[in-house]
Amino acid sequence: MKSGAGRDRSITKKWARQTQMVRAGSMRSELGEMSEALFLTSGFAYANAEQAEARFNGSEEGFTYSRQTNPTVSMFEERMAVLEGADIGRATGTGMAAMTASLLAGLKSGDHVLGSRALFGSCRWLMDELLPRYGIETTVIDGTDMEAWKGAVQNNTRAFFTETPANPTLEIVDLKAVADLAHENGAKLIVDNVFATPVLQRPMELGADIVCYSTTKHIDGQGRCLGGVILCDKEWDEEFLYPFYRHTGCAMSPFTAWVMLKGLETMGLRVHAMCDAAEDIALALADRVTDVRHPSLASFGQSELAFSQMDRGGTMVVFELPGGRDQAFRFLNALEIIDISNNLGDSRSIATHPWSTTHKALAEETRLELGITPGLIRLSVGLEDTEDLKDDLLRALEIAGS
Ligand SMILES: *Cc1c(COP(=O)(O)O)cnc(C)c1O
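Residues numbered from 1 in each chain as written. Predicted model: local features only at pLDDT ≥ 70, side-chain atom pairs only at ≥ 80, totals over all residues. Heavy atoms only, no water.

Mapped onto the elements, Ser74 comes out in helix H4 (residues 71-84). Owing to a relative accessible area of 11%, Ser74 belongs among the buried residues under this scheme. Non-local contacts of Ser74, meaning those with residues more than four positions away in its chain, are made with Arg7, Met27 and Phe63. (Helix = DSSP H or I, 4+ residues; strand = E, 2+ residues; numbered from the N terminus. Buried < 20%, exposed > 50% of the residue type's maximum accessible area, 1.4 Å probe, protein only. Contact = heavy atoms within 4.5 Å.)

Have a look at this one:
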């Protein structure tokens, strides 16, 4: 493999983000392929026993086994690390593998994790069910309330965990203030940056220590592969993440990494086009239903904070139908273009009913406390013609009686 400019950080870090998304991390073999090669191999052979020994004791760089590193996966990890401004990226089989590893790798029994309560459903399960099972204490608070964060810090708090904008309510958490509080207390801030995407928000510039993605969403962006990635500094990777990652086996498949590399090339264009459409759709819906949420709307309570840490309002629009579950179902069933599904960040627009699907595992009072009501619809805006999407939505609202 020839490294080339795509592997040289002193060059790639100077590139604009759009150039990084297309080229950072690339390596070429002696064949000179334009598109990154897919190394679909579980292991690597050595020229002799001495070389095998050298690879294992770390005196020679190179690949040994794809549970640890693989050339295609490594290209994806390097591209993500450069884009995020992180030393290291570790790609995982799913977004949840990334979230789980980012929490478990650095924590032990007796530690405490403080998180915002509006989290992706499975992330809430990690906080509420999994970590306590291993003696790791957890507390979830209203992430929009800085006094609540301050009041819940304990002397054994080792990690803060948050998501902004939150799924599905689009609540905004003040990343800089939360990062400062975490650091004053000797804790790491872990951010699930899925909704914002690396195109719109860079938590590390605001002080986050660890950033995680489900790459299933905007990074693939075409509904094909599950994946995740963890971005962090070299010290935390060496001490905590890499040992956990290589021994527990949460690695991404080379095939998936290849798809994700292709996804990254167009992610900037896709996310901006989806934001354009989301802004337009939010305005059109605001004429017809109350409580439409998108940071670009004047009615969005946290626009100032949102635009202090995000370049744009994002690709998700959330709204509430007053007639509850029945009206929400009538609306979903009347859509002709937009699919009823639970993914997001796809080139195809998707409507979700969080109450009965993605957040169903949470107790009813927890859902209500988070603002997840039976009438709530989460719309992931895709790349179809915006007028077609508005027609589909407005016609379905008409049929649903709104
Ligand atoms: C989808 C998602 C995840 C989980 O990712 P998977 O790839 O489905 O495992 C975690 N956090 C957020 C905010 C998500 O949207």
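Let us now look at unusual backbone geometry. Leaving glycine aside, a negative phi is the common case for residues, and trans is the common case for peptide bonds. In this structure, the amide linkage connecting Thr164 to the following residue, Pro165, adopts the cis form with an omega of -5°. By the element assignment, Pro165 lies in the loop between strand E4 (157-163) and helix H8 (175-184). With an omega of 0°, the peptide bond running from Asn167 to Pro168 counts as cis. Here Pro168 lies in the loop between E4 and H8. With a phi angle near 65°, Leu170 is a residue other than glycine that sits in the positive phi range.

It is worth spelling out the pattern of salt bridges at this point. Following the criterion strictly, the structure yields 26 salt bridges and no others. Between Arg90 and Asp237 there is a salt bridge, with its nearest N and O atoms 2.8 Å apart. Of this pair, Arg90 sits in strand E1 (residues 88-92) while Asp237 sits in helix H10 (residues 234-248), placing them 147 residues apart in sequence. Using a relative accessible area of 10% as the deciding quantity, one classes Arg90 as buried. Taking the shortest distance from any N to any O, the salt bridge between Lys176 and Asp180 comes out at 2.9 Å. Of this pair, Lys176 and Asp180 are both found in helix H8, four residues apart, which corresponds to roughly one turn of the helix. Overlapping salt bridges, with partners in common, bring together Glu36, Arg79, Lys262 and Glu265 in one network. (Salt bridge = Lys/Arg side-chain N within 4 Å of Asp/Glu carboxyl O.)

Let us now look at the site of the ligand. Around the ligand, 13 residues are found, and the nearest of them are Met96, Asp192, Ser214, Thr216 and Lys217. A distance of 2.9 Å separates an oxygen atom of the ligand from a polar atom in the backbone of Gly95. A distance of 2.8 Å is found between an oxygen atom of the ligand and a side-chain nitrogen or oxygen belonging to Ser214. In isolation the ligand has 380 Å² of accessible area, and contact with the protein removes 92% of it. If one sorts the elements of the shell around the ligand by residue count, helix H5 (residues 95-104) sits on top with three residues. (Near = heavy atom within 4 Å. Polar contact = N/O pair within 3.5 Å; in protein donor to acceptor, adjacent residues only side chain to side chain. Areas by Shrake-Rupley, 256 points an atom, 1.4 Å probe, with all protein chains shown as cover.)

What follows deals with helix H15 (residues 386-400). Between its terminal C-alpha atoms H15 stretches 21 Å, which fits the 21 Å expected from 15 residues at 1.5 Å a residue. Restricting attention to buried positions, one finds in H15 the residues Thr386, Leu389, Lys390, Asp392, Leu393, Ala396, Leu397 and Ala400. Down the axis, H15 shows its buried residues gathered within 160° of arc, on one side only. Turned more than 90 degrees from where H15 packs its buried face, Glu398 and Ile399 sit exposed. Those residues of H15 hidden inside the fold are in contact with helix H11 (254-286), helix H13 (324-334) and strand E12 (376-380). The residue sitting at the N-terminus of H15 and contributing the capping side-chain oxygen is Asp385; that oxygen lies 3.0 Å from the backbone nitrogen of Glu387. (Expected span 1.5 Å × (residues − 1). Arc of directions from axis to C-beta.)

Right, let's talk about the sheet that holds strand E9 (residues 316-320) for a bit. A sheet is described by the order of its strands in space; here five strands give the open sequence E8-E9-E12-E11-E10, paired in mixed fashion. Among the strands making up the open sheet, the edge pair consists of strand E8 (292-293) and strand E10 (339-340). Here strand E11 (residues 350-352) pairs with E12 via three bridges, running antiparallel. Looking at the pairing, Ala351 lines up with Leu379 of E12. (Pairing = 2+ DSSP bridges.)

Moving on: the nonpolar core. Phe76, Trp149, Phe160 and Leu231 are the most contacted members of the largest nonpolar core, which has 46 residues in total. Listed by contribution, the elements that provide at least two residues to this core are H4, helix H7 (146-152), H8, strand E5 (188-192), helix H9 (197-200), strand E6 (210-214), strand E7 (228-232) and H11. At eight residues, the largest contribution of residues to this core is made by H11. Ignoring any residue separated from it by four or fewer positions in sequence, one finds Leu231 in contact with Met80, Ala81, Glu84, Ala86, Ile88, Gly89, Met204, Asp209, Ile210, Val211 and Tyr213. Within the second largest apolar cluster, 40 residues are counted, among which are Met99, Leu107, Leu131 and Ile172. (Core = buried A, V, L, I, M, F, W, Y, C linked by side-chain atoms within 4.5 Å.)

This part is about the domain arrangement of the protein. Considered domain by domain, the protein is made up of domain 1 (15-263) and domain 2 (268-400). Relative placement of domain 1 and domain 2: their C-alpha centres are 27 Å apart. Between domain 1 and domain 2, the contact holds 39 residues from the first and 39 residues from the second. Regarding the contact of domain 1 and domain 2, the summed buried area is about 3,000 Å², with carbon and sulfur atoms giving 59% of it. Along the contact surface separating domain 1 from domain 2 lie one salt bridge. With a shortest N-O distance of 3.3 Å, Arg202 and Asp311 are connected by a salt bridge. Applying the counting rule to domain 1 against domain 2 returns 15 residue pairs in polar contact (both at pLDDT 80 or more). Looking at the side of domain 1 that touches domain 2, the elements that each hand over two or more residues are helix H2 (17-23), helix H6 (121-133), H8 and H9. By residue number, the principal contributor to the side of domain 1 that touches domain 2 is H9, which donates three residues. (Domains from an automatic or database assignment. Buried area = accessible area lost by both parts, 1.4 Å probe.)

Bringing the environment of Val229 into the picture now. In this structure, Val229 sits in strand E7. Judged by its relative accessible area of 0%, Val229 falls in the buried class. The spatial distance from the C-alpha of Val229 to the C-alpha of Cys212 is 5.7 Å, given a sequence separation of 17 residues. In contact with Val229, not counting residues within four places along its chain, are Phe76, Met80, Arg90, Ala91, Thr92, Ala98, Val211, Cys212, Tyr213 and Thr215.

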